[in-house]
Number of protein chains: 4
Amino acid sequence: MHLAGELFAEKGFRATTVREIADAAGILSGSLYHHFDSKESIGDQILSEFLTDVLAGYRGVDTDDPRAAIEQVVRASTATLSRHRAALTMLQRDWNYFSAQPRFAYLREAMHEIEQVWITLFERGKRDGQFRSDLDAKLTYRLLRDVLWMPTSWRQGEGGWQPDEVVDGFLRLLFDGITARNGSTARN
Amino acid sequence: MHLAGELFAEKGFRATTVREIADAAGILSGSLYHHFDSKESIGDQILSEFLTDVLAGYRGVDTDDPRAAIEQVVRASTATLSRHRAALTMLQRDWNYFSAQPRFAYLREAMHEIEQVWITLFERGKRDGQFRSDLDAKLTYRLLRDVLWMPTSWRQGEGGWQPDEVVDGFLRLLFDGITARNGSTARN
Amino acid sequence: MHLAGELFAEKGFRATTVREIADAAGILSGSLYHHFDSKESIGDQILSEFLTDVLAGYRGVDTDDPRAAIEQVVRASTATLSRHRAALTMLQRDWNYFSAQPRFAYLREAMHEIEQVWITLFERGKRDGQFRSDLDAKLTYRLLRDVLWMPTSWRQGEGGWQPDEVVDGFLRLLFDGITARNGSTARN
Amino acid sequence: MHLAGELFAEKGFRATTVREIADAAGILSGSLYHHFDSKESIGDQILSEFLTDVLAGYRGVDTDDPRAAIEQVVRASTATLSRHRAALTMLQRDWNYFSAQPRFAYLREAMHEIEQVWITLFERGKRDGQFRSDLDAKLTYRLLRDVLWMPTSWRQGEGGWQPDEVVDGFLRLLFDGITARNGSTARN
DNA sequence: TATGAATGAGATTTCATTCAT
DNA sequence: CATGAATGAAATCTCATTCAT
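The residue numbering used here restarts from 1 in each chain and proceeds along that chain's sequence as written. As a convention, the first chain written is A and the first ligand written is 1, with the rest following in written order. Local features in this predicted model are restricted to residues of pLDDT 70 or higher, and side-chain atom pairs are both shown and tallied only at a pLDDT of 80 or more, whereas totals for entire chains, interfaces and linings draw on every residue. Side-chain numbers come from the whole structure's heavy atoms, not from hydrogens or water.

> Help me understand the protein's contact with DNA strand F, please; the structure alone is not making it clear to me.
The criterion for a residue being near a molecule or strand is simple. One of its heavy atoms has to lie within 4 Å of it. Taken together, 28 residues sit near DNA strand F, with Ser31 of chain A, Val18 and Tyr33 of chain B, His34 of chain C together with Tyr33 of chain D positioned nearest. Here, DNA strand F places atoms within 4 Å of the protein, and 60% of those atoms are sugar or phosphate. Any N or O atom pair separated by 3.5 Å or less is treated as a polar contact, with the protein-specific requirement of one donor-capable and one acceptor-capable atom, and with residues adjacent in sequence counted only for side-chain atom pairs. A distance of 2.8 Å separates a phosphate oxygen of DNA strand F from a polar backbone atom of valine 18 of chain D. Between lysine 39 of chain D and DNA strand F, the recorded distance is 2.9 Å, taken from a backbone N or O atom to a phosphate oxygen. Residues are grouped as follows: Ala, Val, Leu, Ile, Met, Phe, Trp, Tyr, Cys and Pro are nonpolar; Asp, Glu, Lys and Arg are charged; all remaining types, including Gly, are polar. Of the residues assigned to the surface near DNA strand F, the class counts are 8 nonpolar, 17 polar and 3 charged.

Right, dumping it as structure tokens:
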């Protein structure tokens, strides 16, 4: 349910009451239970759809060039993430709560698969000589994920940036950093 | 209260019950109220100490060189943030909850002051020719803050990185990106 | 409805939900209301059919000899009860619930009629000298009814007894007790 | 809690609400949870105390003579049962509900131990020649238990019998039946 | 200061029943 | 007749907070 996701994103999963969801849907709280088994099954549905979508994006990479692959992953991620903004916020905010439950074991599995994709790309780029040889693949992934996966709410509206601007700015920063230089390599 | 902060960091502010805090302290829940007015006053105390400390770090910058200043700010932030991991998690997770309350108005003010410091540094670096002239100062700040302010739990232990390694990796990424190049400009 | 009765017997009237009955019938819960006015009307139908049947058995006694009459009543009761196991369990388990409602006033009336039959037989047997003169008719009836009316689930299958074996065992116990004696007076 | 047991006995475990218990105790429903973890833990406490007491009575038999032992068991049972009238009714009424839960596994175990005591006594009496040799020990136990364990509510007040009268009537019935005879063997 | 019983508001969930289609 | 969405009352339970001792 889309409405529920918005509320979970805005107020947090625990802090959002079933009654608030029902109110937003224009029905009584008890009536929600015709559509869902429990509050947690709503969260389950939102999160599992989200991760299925994210993984599909990662698996759709169709190039062997690490730099190009990273660009594809970033653009795919960003698109997916903005489509599932609510789910992403839920995941960030209540990761400890969700990931501790057996029902949500797939969260850890999906995150692990995602990490592997990034690390593999970094390592390949280092062997190719395309990336700095002293790059710590795992550390870099962790730092990146923090940016890419940050609740994207501020990326729309508030700052007035278009999604593409944010992605371009991010890729530029990722490949080249902020230092001025002759002949930048970013942005094909 | 330090114990309370740890619990808030682990389970979230809302999800942590007063009884859990009291249990951790080895007293009964009712007895907590001899030490604190309310659960929110515990949160208030933790968060305000945290932000006071962060701002002190930002105000301690003692150089006019943007690049050096950014390094100082990053190192100071990282140190402060790792000292207040609990507070940081609380802020991230329940930002909407806290920032909506008049009692926590200082949160927005502090965040605004921090943003101004970064933007000023970026703009000065662009004028100096030290940073790329097409850098979007505000966007870059937002992207950076996401990394710097991410709950840092993963940065210790799990990956086995020392704090300095994380900071260095971050600065290197920030200044130079991941692309290989002759004559890196990063430190050490 | 037979399905409903089985469920009431298995889980109790209160604990059985309308949806469970509908599920067992292969329809949706709302559709049940095309067949019945309410959950209680299902209970009403089951219980009234049961008691009608029981009373018919009691009224069918066609001998004046108390001992023979008791045998007839016991055999008739046992047969009826095993045909209405579900109803019997409902009556036992939720007697307080049903008997407090005006709709189910006939329950008390039927039970009273049954008690009168037994007491009359005992008193007649005492006058005849067939039964012990110190027999407390009412107390004996109460003790007996407890056995006869016990939910008979254990009497089938589990122990492997045939219905006749149970009845014979009961009658033998009733007439002679457990003590060994020369020349038993029990049947077969 | 004694009050809760009375209500459970009167209305059934499921049908008794936590609020009714709290009302009876003169507190609010939420306040009950200072004393008990859950409604079921109240039931647990009541039932386990009851069965502990019953088993103690059975284990206290101090004679090898089957007839005397049965009398001891009956008298002990009756005393215990009347002390735990509420628990007994709960057990009868909601046996299916309780015994299906892992938490209440001890119920089945206790009932099994009790059954063994009776069967052993009957078998010994048959070998001694004291009881009828054609007595079905298990069937007789089941019939007896139905009487002894029937909710004893009616045994007080309504009929006006003293507990001893009921026990004596029961024992007389058990040993000798209802048939008139020269020289009864009942009642030492 | 600590205890522990109690409060009272509110959360999630259940369920018999209704009704437009 | 059946569906399935919705109702609304009520049930169990949680939890921050208070207060007499």
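> Which parts of the structure should I look at to understand the protein's contact with DNA strand E?
Around DNA strand E sit 29 residues in total, of which Val18 and Tyr33 of chain A, Val18 and Tyr33 of chain C together with Ser31 of chain D are the nearest. Each atom of DNA strand E within 4 Å of the protein was classed as base or backbone; sugar and phosphate made up 59%. One of the backbone N or O atoms of lysine 39 of chain A is found 2.9 Å from a phosphate oxygen in DNA strand E. The class makeup of the residues in the surface near DNA strand E is 8 nonpolar, 17 polar and 4 charged.

> Help me out: how do you make sense of the environment of phenylalanine 170 of chain A in this one?
Here phenylalanine 170 of chain A shows up in helix α9 (residues 163-176). Distance from phenylalanine 170 of chain A to valine 147 of chain A, taken between C-alpha atoms, is 8.7 Å for residues 23 residues apart in sequence. Between two residues, a contact is recorded if the distance between any of their heavy atoms is within 4.5 Å. Apart from the residues lying within four places of it in its own chain, the contact partners of phenylalanine 170 of chain A are Val74, Leu144, Val147 and Leu148 of chain A together with Leu143 of chain B. A run of H or I in DSSP counts as a helix once it spans at least four residues, and a run of E counts as a strand once it spans at least two, with each numbered from the N terminus.

> I'm lost on the packing of helix α1 (residues 2-11) of chain A against helix α5 (residues 85-93) of chain A in this one. Help?
Residues and elements named next belong to chain A. Helix axes are fitted only over the stretch in contact, all axes being lines through C-alpha atoms; the angle between N-to-C directions runs from 0 to 180 degrees. Running from amino to carboxyl end, α1 crosses α5 at an angle of 40 degrees, the nearest separation of the two axes being 8 Å. Of the possible angle classes, the one that applies to α1 and α5 is oblique. Two packed elements cross with a definite hand, and for α1 against α5 that hand is left-handed. Taking contact as the criterion, the partners of Gly5, Glu6, Phe8, Ala9, Glu10 and Lys11 in α1 are, on α5, Ala86, Thr89, Met90 and Arg93. For the contact of α1 with α5, the per-class residue count stands at 4 nonpolar, 2 polar and 4 charged. Here the word oblique covers every angle except those under 35 degrees (roughly parallel), over 145 (roughly antiparallel) and from 65 to 115 (roughly perpendicular). Left-handed describes a crossing whose near helix is turned anticlockwise from the far helix through less than a right angle; right-handed describes the clockwise counterpart.

> What am I meant to see in the packing of helix α3 (residues 39-59) of chain A against helix α7 (residues 105-128) of chain A here?
Helix-helix packing is described using two parameters, namely the angle between the two axes and the distance between the axes. Residue and element names in this part refer to chain A. Contact geometry for α3 and α7: axes closest at 11 Å, N-to-C directions at 20 degrees. The angle between α3 and α7 places the two elements in the roughly parallel class. Regarding α3 and α7, the two cross each other, and that crossing is left-handed. Where α3 abuts α7, its residues Asp44, Leu47, Ser48, Leu51, Val54, Leu55, Tyr58 and Arg59 lie against Tyr106, Leu107, Ala110, Glu113, Ile114, Val117 and Trp118. Counted by class, the contact of α3 with α7 contains 11 nonpolar, 1 polar and 3 charged residues.

> Sorry, what's going on with the relation of the copies chain A and chain B here?
Superposing the two chain copies requires a rotation about an axis and a translation along that axis. Each copy superposes on the other: chain A lies on chain B with an RMSD of 0.2 Å after a rotation of 180 degrees and an axial shift of 0.1 Å. In the structure described here, the two chain copies are related by an operation that fits a two-fold rotation axis. Residue glycine 177 of chain A of chain A places its C-alpha closer to the rotation axis than any other residue of that unit, at 2.0 Å. By residue overlap, the copies meet face to face through one surface: 100% of the interface positions of chain A are interface positions in chain B. When the copies are overlaid, the least-squares fit takes in C-alpha atoms only where the residue has pLDDT of at least 70 in both copies.

> Any chance you could explain the UniProt feature "domain: HTH tetR-type" (unreviewed entry) in chain A here in plain terms?
UniProt positions are given in the numbering used here, feature names are shortened, and annotations may be inferred rather than shown by experiment. Mapped onto this numbering, the UniProt entry annotates "domain: HTH tetR-type" (unreviewed entry) at residues 1-54 of chain A. Between the C-alpha atoms that bound residues 1-54 of chain A there is a distance of 18 Å. The span itself is 63% helix and 0% strand.

> I tried to follow the packing of aromatic side chains on my own but got confused; where do I start?
Centre distance and the angle of the planes are the two values used to describe a pair of aromatic rings. The aromatic pairing rule takes the rings of Phe, Tyr and Trp, using the six-membered ring of Trp, and pairs them if the centres are within 6.5 Å, calling planes under 30 degrees apart stacked, those over 60 edge-to-face and the rest tilted. Scanning all chains against the criterion turns up 36 aromatic pairs over all chains. An angle of 50 degrees between the planes, with centres 4.7 Å apart, marks the rings of phenylalanine 8 of chain A and phenylalanine 13 of chain A as tilted. Here's how the labels work: a residue is buried when its accessible area is under 20% of the maximum for its type, exposed when over 50%, partly exposed in between, all with a 1.4 Å probe on protein chains only. Classification of phenylalanine 8 of chain A by relative accessible area gives buried; the value is 0%. Residue classification places phenylalanine 13 of chain A among the buried residues on the basis of a relative accessible area of 1%. Ring geometry for phenylalanine 104 of chain B and tyrosine 106 of chain B: centres 6.2 Å apart, planes at 45 degrees, overall tilted. What makes phenylalanine 104 of chain B buried here is its relative accessible area of 0%.

> Looking at this structure, how should I read the interface of chain A and chain B?
The accessible area lost on association of the parts is a frequent measure of interface size. Counting residues at the interface gives 44 residues for chain A and 44 residues for chain B. As used here, buried area is the combined drop in accessible area, with a 1.4 Å probe, of two parts when they are placed together. Across the chain A to chain B interface the summed buried area is about 4,200 Å²; carbon plus sulfur atoms make up 58%. In what follows, salt bridge is the name for a side-chain nitrogen of Lys or Arg lying within 4 Å of a carboxyl oxygen of Asp or Glu. Counting every contact that joins chain A to chain B gives 3 salt bridges. Here arginine 93 of chain B makes a salt bridge to aspartate 94 of chain A, at a shortest N to O gap of 3.8 Å. Put simply, chain A and chain B have 5 residue pairs in polar contact (both at pLDDT 80 or more) between them. For the side of chain A that touches chain B, the secondary structure elements donating two or more residues are α1, α5, α8 (137-148) and α9 of chain A. For the side of chain A that touches chain B, the leading source of residues is α9 of chain A, giving 9 residues. Among the residues making up the side of chain A that touches chain B, the classes are represented as 19 nonpolar, 9 polar and 16 charged.

> Please clarify how the environment of serine 31 of chain B should be interpreted in this entry.
Note on placement: serine 31 of chain B falls in the loop between α2 (18-25) and α3 (39-59). On a C-alpha basis, the gap between serine 31 of chain B and arginine 19 of chain B in space is 10.0 Å, while along the polypeptide they are 12 residues apart.

> Sorry, what's going on with helix α5 (residues 85-93) of chain D here?
In an α-helix, one turn spans 3.6 residues, which is why side chains three or four residues apart end up on the same side. Most of α5 of chain D is tucked away, with 7 of its 9 residues classed as buried. Taken as a whole, α5 of chain D has its buried residues at Ala86, Ala87, Leu88, Thr89, Met90, Leu91 and Arg93 of chain D.

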